[in-house]
Amino acid sequence: MKDFELTDEEMQMYLHKIEIDITESCNLACVSCVRGCNIFKSDVMISLDKIRKFVDESIELNYQWERIGIMGGEPTVHPQLPEIINILYEYHVFNPSCQFWTRSNCIIPYEFPDWIEYQKNPDHSHHHAFYVSPQDVGFPMNKRACHVLYDCGLMYSHHGYLPCCNSNVHIRAFNLIDGVQSLKNVNYESMMKLCHIYCRHCGMYMMDNFESGYLLSYPVDYISETWWNALIKYNSINCRKTRV
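Residues numbered from 1 in each chain as written. Predicted model: local features only at pLDDT ≥ 70, side-chain atom pairs only at ≥ 80, totals over all residues. Heavy atoms only, no water.

1. Focus on the overall build of the protein chain
The following threshold applies: By definition, any uninterrupted DSSP run of H or I lasting at least four residues is a helix, any uninterrupted run of E lasting at least two residues is a strand, and each is numbered from the N terminus. The globule rule is 2.2 Å times the number of residues to the power 0.38, and the radius of gyration it is compared with is taken over C-alpha atoms. We call a residue buried when its accessible area falls under 20% of the maximum for its residue type, exposed when it is over 50%, and partly exposed in between, using a 1.4 Å probe and counting protein chains only. Pairs of residues are marked as contacts when any of their non-hydrogen atoms sit within 4.5 Å. Areas reported here follow the Shrake-Rupley algorithm with a probe of radius 1.4 Å; residue values treat only the protein chains shown as occluding.
Each helix and strand in the protein chain was counted, giving seven helices and six strands. Moving toward the C terminus, one meets the helices and strands of the protein chain in the order α-β-α-β-α-β-β-α-β-β-α-α-α. Taking 244 residues into account, the globule formula puts the C-alpha radius of gyration at 18 Å, and the protein chain, at 17 Å, falls close to it. Seen through its principal axes, the protein chain has C-alpha atoms that stretch 50 × 45 × 35 Å. Residue burial in the protein chain is summarised as follows: out of 244 residues, 52% are buried. Taking the intrachain contacts of the protein chain between residues at least 6 apart in sequence as the baseline, contacts between residues at least 24 apart amount to 75%. By element, 52% of the accessible surface of the protein chain is carried by carbon and sulfur atoms, the whole surface being about 11,500 Å².

2. A word on the packing of aromatic side chains
Using the following cut-off: Under the pairing criterion, centres of Phe, Tyr and Trp rings, with the six-membered ring standing for Trp, must be within 6.5 Å; the plane angle then separates stacked pairs below 30 degrees from edge-to-face pairs above 60, leaving the rest tilted.
Under the criterion given, the structure shown has 22 aromatic pairs. Ring centres of F54 and Y161 lie 6.4 Å apart, and the angle between their planes is 40°; this geometry places the pair in the tilted category. With F54 in helix α2 (residues 48–60) and Y161 in strand β6 (residues 160–162), the pair connects residues that are 107 residues apart, well separated along the chain. In this structure, F54 and Y161 share a single accessibility class: buried. Ring centres 6.5 Å apart and planes at 65° place the aromatic pair Y91 and F100 in the edge-to-face group. Among the aromatic residues, those joined into a ring-pair cluster are F40, F130, Y131, F174, W227 and Y234.

3. A look at helix α1 (residues 8–15)
To be explicit about the condition: Directions are taken from the helix axis to each C-beta atom, and the arc is the one they span.
Those residues of α1 that sit buried are E10, Y14 and L15. Considered in projection along α1, the buried side chains sweep an arc of 120° and stay on one side of the axis. With respect to the buried face of α1, the exposed residues turned more than 90 degrees away are D8 and E9. Among the structural elements, β1 (17–21), α4 (147–152), β5 (154–157) and α6 (188–198) are those in contact with the buried residues of α1.

Printed below as a string of structure tokens:
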């Protein structure tokens, strides 16, 4: 797999948008959830210390985020959501031009402040296949770029800074390394190194955009061999943990 090639404009978009995964838990189990909430289940919640570190580093480095998403999982299941919002408000005051947004399935009612764009998303019929490894279906890993990079930007989670919003499920499924731990070390080169690790099994690599691509030729519930093997191992490990 070669490095993704981004134009200067795409690079600007990529490195200045981020989604914060505040939880890996969700109160739904949508088929082919790109966050892995349906089959690679996890109850991990981000800590307030991690949120504090993100805000403090962003202000200290004068990092001019253009968009910050508060995501999951389902963000409203995090028991400390009000505290998270209060900490993030400090960055909103520091950089009022930054657009904050969140998306929720609306099962748990929550009143977000008006500086956070609230995208209500009760309809989940738009899902398509995700757990399809390009190597399992002979898809060449030679694309110029993956649209998820510049459409969605980076991710921040309890694993650190990650190259895209789908990174968390790859870490869980394949027991991969954590992300970059400090914002000062986040750049194109450090994220591309992680892409080489995370992207090789990602179905989204086979999409041209969110509405078209080779991935759509597979049924929504299709799971390729590499993902099946990862799921069997993941369930086996978590069953042992439960019994202990």
